[in-house]
Amino acid sequence: MTVLFADHAPPKATGVRFTPFAQVLAAERCDSLHLPLTDETRNMIGMDELRMMKRRAILINTARAGLVD
C-alpha cells in the first residue's frame, strides 16, 4: 500500500511521502480525510475535486462534515 500525505512535511514513517493535494486526488482509489474543520479546510472537497478523482474512487471523511461541499 502506498501512503500519500498532502498536508505538510510527513511524519517520519516508512512509506509515507508528501504529495501535492491535486496529485493525491488524481492518483488514489481511496482518499481519506483526517483534519479539523477550519476556515482553510471548509469545503476543501467540492465538485472540481471530485472530478479530479478516479471514477470509482472512494472518499472517506473521518473528520467534520464541513470539509466536503
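Notes on the structure follow. (Residues numbered from 1 in each chain as written. Predicted model: local features only at pLDDT ≥ 70, side-chain atom pairs only at ≥ 80, totals over all residues. Heavy atoms only, no water.)

## Focus on the environment of Leu37
Here is step 1 of the chain: Locating Leu37 in the fold gives a position in the loop between strand E3 (30–33) and helix H2 (47–52).
Here is step 2 of the chain: Overall, the relative accessible area of 23% leaves Leu37 in the partly exposed class.
Here is step 3 of the chain: Measuring from C-alpha to C-alpha, the distance between Leu37 and Arg64 comes to 6.0 Å, with 27 residues separating the pair along the chain.
Here is step 4 of the chain: When neighbours within four sequence positions are excluded, Leu37 is seen to be in contact with Arg42, Arg64, Gly66 and Leu67. (Helix = DSSP H or I, 4+ residues; strand = E, 2+ residues; numbered from the N terminus. Buried < 20%, exposed > 50% of the residue type's maximum accessible area, 1.4 Å probe, protein only. Contact = heavy atoms within 4.5 Å.)

## Some remarks on the side chain of Glu49
Here is step 1 of the chain: Within the fold, Glu49 resides in helix H2.
Here is step 2 of the chain: No salt bridge is formed by the buried Glu49. Its closest oppositely charged neighbour is Arg51, at 8.7 Å.
Here is step 3 of the chain: With near-sequence residues (within four places) excluded, Glu49 lies in contact with Phe21, Leu25 and Met44. (Lys, Arg positive; Asp, Glu negative; His and termini not counted. Salt bridge = Lys/Arg side-chain N within 4 Å of Asp/Glu carboxyl O.)

## Considerations on the environment of Asp69
Here is step 1 of the chain: Take Asp69: it is sitting in the segment after strand E4 (58–61).
Here is step 2 of the chain: When its relative accessible area of 66% is taken as the criterion, Asp69 is described as exposed.
Here is step 3 of the chain: Considered as a pair, Asp69 and Met44 are 25 residues apart in the sequence and their alpha carbons are 7.5 Å apart.
Here is step 4 of the chain: For Asp69, the contacting residues outside a window of four places in its chain are Asn43, Ile45 and Gly46.

## Considering unusual backbone geometry
Here is step 1 of the chain: Even without a glycine there, the phi angle at Asn43 is positive, about 60°.
Here is step 2 of the chain: As for its placement among the helices and strands, Asn43 is situated in the loop between E3 and H2.
Here is step 3 of the chain: On the basis of relative accessibility, which here comes to 39%, the residue Asn43 falls in the partly exposed class.

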